[in-house]
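Residue-level structural notes
The lines below spell out each chain.
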Amino acid sequence: MSTLLQVKNLTVTFRVPRGTLCAVDSVSFSLDREETLAIVGESGCGKSVTAYSIMGLIPSPGKIAAGEIVFAGRDLLKLDGEEMRKIRGDRIAMIFQEPMTSLNPVLSIGNQIMEGLRLHRGLSRREAREVGIGLLEQVGIGSAKGRFDEYPHQMSGGMRQRVMIAMSIACNPELLIADEPTTALDVTIQAQILELMDRLKSKNRMGLILITHDLGIVAERSHRTAVMYAGKIVEYGPTRELFHNPGHPYTEGLLRSLPQDARPGQPLHTIPGSVPDLLVRQPGCGFCNRCPAKDWQCETAEPEMKEIDSGHFVRCWKVR
């Protein structure tokens, strides 16, 4: 498999009244074609901001302060707005976290699907309609011709999520980013959505970035996993290796929090403490105030990424 995407030392900051917040701090990872990379971590760790950076959708007062995002050999950060618009929705697409707020409530789903086809593929309205109906059928929406002219509020959450997938794959993108694609869906619909994305990934030779809180989905669906904490990647490597041999205390805490090993009546494991204030840059490891194994070195100097096995990297002083 060839490398499709390389993110190198990406740093994203936001100017707020109290100062400058570093939401993504020197993040690096890569993605191959037909590979699924999972990005996990608690809310506010920088997962979605990383995705929006790849899409070129960082809102003001945010900005990409440093780094490279190399897609198919081109640094996206060096492209102007017009060049990026030609790529966004065409070669790179994204499934946003909440379909009800991502879809325009006053436009039919058919018009929203056709927009990308007409913009990027130059299809006539009639041609775009035919392709759009085919896309709805492809993502498993029954009575696609009738559904094509319906509005988002007339559909269930699972149906709206399928519409978002249909819109995202309309132009056969090379890279698909799915930000919490199964949030608020029941487990049956979750499984159908994930299986659909896997089929489309294989069929279209896409690279897939899966952003999620659900470690069960990560274990089943991803090839590699990046664990983010306070804007940094603290562990990165093959998913199977990372789950069986976690090297960072935060990753260990996340895995211990999974409910499948808990006994009836036994409290679930939690990670004590809270995420540090990203506006206050403290020396040392960002996780040390919550880490049961911290020592003086953890509080005074920030650890670098170390390779503990082939392709498995950990940012921790305890790794030798």
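Here, every reference points to the structure presented above.
Residues numbered from 1 in each chain as written. Predicted model: local features only at pLDDT ≥ 70, side-chain atom pairs only at ≥ 80, totals over all residues. Heavy atoms only, no water.

**Some details on the overall build of the protein chain**
This is how the line gets drawn: Numbering of helices and strands runs from the N terminus; a helix is a DSSP stretch of H or I covering at least four residues, while a strand is a stretch of E covering at least two. Each radius of gyration is computed over the set of C-alpha atoms, and the globule rule expresses the reference value as 2.2 Å times the number of residues to the power 0.38. Buried means the residue's accessible area, taken with a 1.4 Å probe over protein chains only, is under 20% of the maximum for its type, while exposed means over 50%, and partly exposed covers the values in between. Whether two residues are in contact is decided by their heavy atoms: any pair within 4.5 Å suffices. Using a 1.4 Å probe, the Shrake-Rupley method yields the accessible areas, and only the shown protein chains count as cover for residues.
Scanning the protein chain from N- to C-terminus turns up 12 helices and 12 strands. Computed over the C-alpha atoms, the radius of gyration of the protein chain is 21 Å, within 12% of the 20 Å expected from 2.2 N^0.38 for a compact globule of 320 residues. Counting only C-alpha atoms and orienting by the principal axes, one finds that the protein chain spans roughly 70 × 50 × 40 Å. Expressed as a percentage of its 320 residues, the buried residues of the protein chain come to 49%. A fraction of 64% describes how many contacts in the protein chain between residues 6 or more apart in sequence connect residues 24 or more apart. Carbon and sulfur atoms make up 50% of the accessible area of the protein chain, which amounts to about 15,400 Å² in all.

**Describing the packing of aromatic side chains**
Cut-off, in case you're wondering: We call Phe, Tyr and Trp rings a pair once their centres come within 6.5 Å, taking the six-membered ring for Trp, and we label the pair stacked below 30 degrees between planes, edge-to-face above 60, and tilted otherwise.
For the structure shown, the criterion picks out 4 aromatic pairs. A ring pair is formed by Y229 and Y250, whose centres lie 4.7 Å apart and whose planes are at 55°; its orientation type is tilted. Of this pair, Y229 sits in strand β9 (residues 224–229) while Y250 sits in helix α11 (residues 249–256), placing them 21 residues apart in sequence. Each member of the pair, Y229 as well as Y250, carries the same accessibility label: buried. Aromatic rings pair up to connect Y229, Y250 and F287 into one cluster.

**What to know about the pattern of salt bridges**
Pairs can form between side chains of opposite charge whenever their charged atoms are close. Put simply, the test is: A pairing counts as a salt bridge when a side-chain nitrogen of Lys or Arg comes within 4 Å of a carboxyl oxygen of Asp or Glu.
Within the structure shown, the criterion is met by 16 salt bridges. E35 serves as the salt-bridge partner of R224, at 2.6 Å between the closest nitrogen and oxygen. With R224 in strand β9 and E35 in the loop between β2 (19–32) and β3 (36–40), this residue pair connects regions lying 189 residues apart in the sequence.

**Here's the deal with the sheet that holds strand β12 (residues 312–315)**
Note the threshold: Following DSSP output, two strands are said to pair if at least two bridges run between them. Fitting a line to C-alpha atoms yields each axis, with helices limited to the stretch in contact; the angle taken between N-to-C directions then spans 0 to 180 degrees.
Sheet architecture is open: 8 strands sit in the order β6-β7-β8-β3-β9-β10-β12-β11, paired in mixed fashion. Across the chains shown, the open sheet's two edge strands, defined by having one partner strand only, are β6 (92–95) and β11 (305–309). Put simply, the sheet's adjacent strands are angled 20° from each other on average, direction ignored. Examined bridge by bridge, β11 and β12 share 4 bridges and lie antiparallel to one another. In the strand pairing of β12, D309 is matched with H312. Against the sheet, helix α7 (residues 157–169) engages β6 and β7 (175–179), with an angle of about 175° to β6.

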